[in-house]
Amino acid sequence: MNISQASEVCGLSGKTIRYYEEIGLVVPKRQEGNDYRVYSGYEIGQLRLLQQARIAGFSLAECRELLALYSDPTAYSVDYTDQLVNQKVAHIDQQLAALHILRETLLSIRPSSESRDAISKQQTSNTQESASSSLGMAFRLVGEFKERG
């Protein structure tokens, strides 16, 4: 799969994918003869993990650790791996809790259908009054201009 296909599949821009390659997070194979990038299912998995981790707010250094675990779950000691995974899961749990609270807050301030209708009528009335007022002001100004002329 080429970079544009990889971009489409994993939801990252080609520019972002090239940047991740430049800093050594993802290393796709190259086609012989033309040096085009070739992304296998493994690299696509890495890119998806990077996308999800970055959305969750993980730093590039943290992403590097996650990719090392993704590549080789035995890359670190069992205790370190367990600690790292638990930290990341706790971080995600905190974000989920914060998002849930934000969701509930947003839903609580959303107007009901009755108040939405009232707000809509008020906005329509204000728009009509404003247009009428602006039109009246324009005629007054034109009248004053003619009187002076």
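Before any of the text, the structure's been laid out above.
All of the points below concern the structure found in this document.

**Side note on the packing of aromatic side chains**
Working definition: an aromatic ring pair is given by the centre-to-centre distance plus the angle between the planes.
Inference 1: In this structure the tally under the stated criterion is two aromatic pairs.
Inference 2: Ring geometry for Tyr19 against Tyr20: centres 6.1 Å apart, planes inclined by 45 degrees, an arrangement best described as tilted.
Inference 3: It is Lys88 that lies over the ring of Phe58; its NZ or CZ is 5.2 Å from the centre.

**Overview of helix H1 (residues 3-10)**
Inference 1: Ile3, Ala6, Ser7 and Cys10 are the residues of H1 that are buried. Projected onto a plane normal to the axis of H1, the buried residues spread over an arc of 100 degrees and lie on a single side.
Inference 2: Buried residues along H1 sit in contact with helix H2 (14-22), strand E2 (37-38) and helix H3 (41-55).
Inference 3: Residue Gly11 follows H1 closely and has a positive phi angle near 80 degrees.

**Notes on the side chain of Glu43**
Inference 1: Tracing the sequence through the fold places Glu43 in helix H3.
Inference 2: Summary of buried charges: Glu43 has no salt-bridge partner, and the nearest side chain of opposite charge, Lys29, is 4.0 Å away.
Inference 3: Setting aside residues no more than four positions away along its own chain, Glu43 makes contact with Val26, Val27, Pro28, Lys29 and Val38.

**Focus: a nonpolar patch on the surface**
Inference 1: There is a patch of nonpolar side chains on the surface, built from Ile92, Leu96, Leu99, Leu102, Leu106 and Ile109 and spanning about 580 Å² of accessible area.
Inference 2: Mapping Leu99 onto the fold places it in helix H5 (residues 78-109).
Inference 3: For Leu99, a relative accessible area of 52% corresponds to the exposed category.

**Comments concerning the environment of Asn34**
Inference 1: Considering the arrangement of structural elements, one finds Asn34 in the loop between strand E1 (29-30) and E2.
Inference 2: Classification of Asn34 as partly exposed rests on a relative accessible area of 33%.

**So, the side chain of Glu21**
Inference 1: Counting through the fold element by element, Glu21 comes out in helix H2.
Inference 2: Among the residues examined, Glu21 registers a relative accessible area of 16% and is labelled buried.
Inference 3: A polar side-chain atom of Glu21 sits 2.6 Å from a polar atom in the side chain of Arg30.
Inference 4: When sequence neighbours within four positions are dropped, the list of residues in contact with Glu21 reads Val26, Pro28, Arg30, Arg37 and Tyr39.

**Things to note about the packing of H3 against helix H4 (residues 60-71)**
Inference 1: At a minimum axis separation of 10 Å, H3 and H4 run at an interaxial angle of 145 degrees. Considering the relative orientation of H3 and H4, their crossing is right-handed. Where H3 approaches H4, its residues Tyr42, Gly45, Gln46, Leu49, Leu50, Ala53 and Arg54 are matched on the opposing element by Leu60, Cys63, Leu66, Leu67, Tyr70 and Ser71.
Inference 2: Each residue belonging to the contact of H3 with H4 can be placed in one class, and the counts come to nine nonpolar, three polar and one charged.

**Considerations on the environment of Leu60**
Inference 1: Turning to its location among the elements, Leu60 is positioned in helix H4.
Inference 2: For the pair Leu60 and Leu25, spaced 35 residues apart in the sequence, the C-alpha separation amounts to 8.7 Å.
Inference 3: Not counting chain neighbours up to four residues away, the residues in contact with Leu60 comprise Tyr19, Tyr20, Ile23, Leu25 and Arg54.

**Quick notes on the environment of Asn2**
Inference 1: By the element assignment, Asn2 lies in the segment before H1.
Inference 2: On the basis of relative accessibility, which here comes to 34%, the residue Asn2 falls in the partly exposed class.
Inference 3: In this structure, the C-alpha to C-alpha distance between Asn2 and Tyr36, residues 34 residues apart in sequence, is 7.4 Å.
Inference 4: Setting aside residues no more than four positions away along its own chain, Asn2 makes contact with Arg37 and Tyr39.
Inference 5: A polar contact of 2.8 Å, which involves the side chain of Asn2, links it to the backbone nitrogen of Gln5.

The rules behind each value
- Residues numbered from 1 in each chain as written.
- Predicted model: local features only at pLDDT ≥ 70, side-chain atom pairs only at ≥ 80, totals over all residues.
- Heavy atoms only, no water.
- Phe/Tyr/Trp six-rings, centres within 6.5 Å; stacked < 30°, edge-to-face > 60°.
- Lys NZ or Arg CZ within 6 Å of the ring centre and 35° of its normal.
- Buried < 20%, exposed > 50% of the residue type's maximum accessible area, 1.4 Å probe, protein only.
- Helix = DSSP H or I, 4+ residues; strand = E, 2+ residues; numbered from the N terminus.
- Arc of directions from axis to C-beta.
- Contact = heavy atoms within 4.5 Å.
- Lys, Arg positive; Asp, Glu negative; His and termini not counted.
- Salt bridge = Lys/Arg side-chain N within 4 Å of Asp/Glu carboxyl O.
- Patch = residues over 30% accessible without salt bridge, like charges linked within 9 Å, V, L, I, M, F, W, Y side chains within 5 Å.
- Areas by Shrake-Rupley, 256 points an atom, 1.4 Å probe, with all protein chains shown as cover.
- Polar contact = N/O pair within 3.5 Å; in protein donor to acceptor, adjacent residues only side chain to side chain.
- Axes fitted to C-alpha atoms, helices over the stretch in contact; angles between N-to-C directions.
- Left-handed = near helix turned anticlockwise from the far one by under 90°.
- Nonpolar A, V, L, I, M, F, W, Y, C, P; charged D, E, K, R; others polar.

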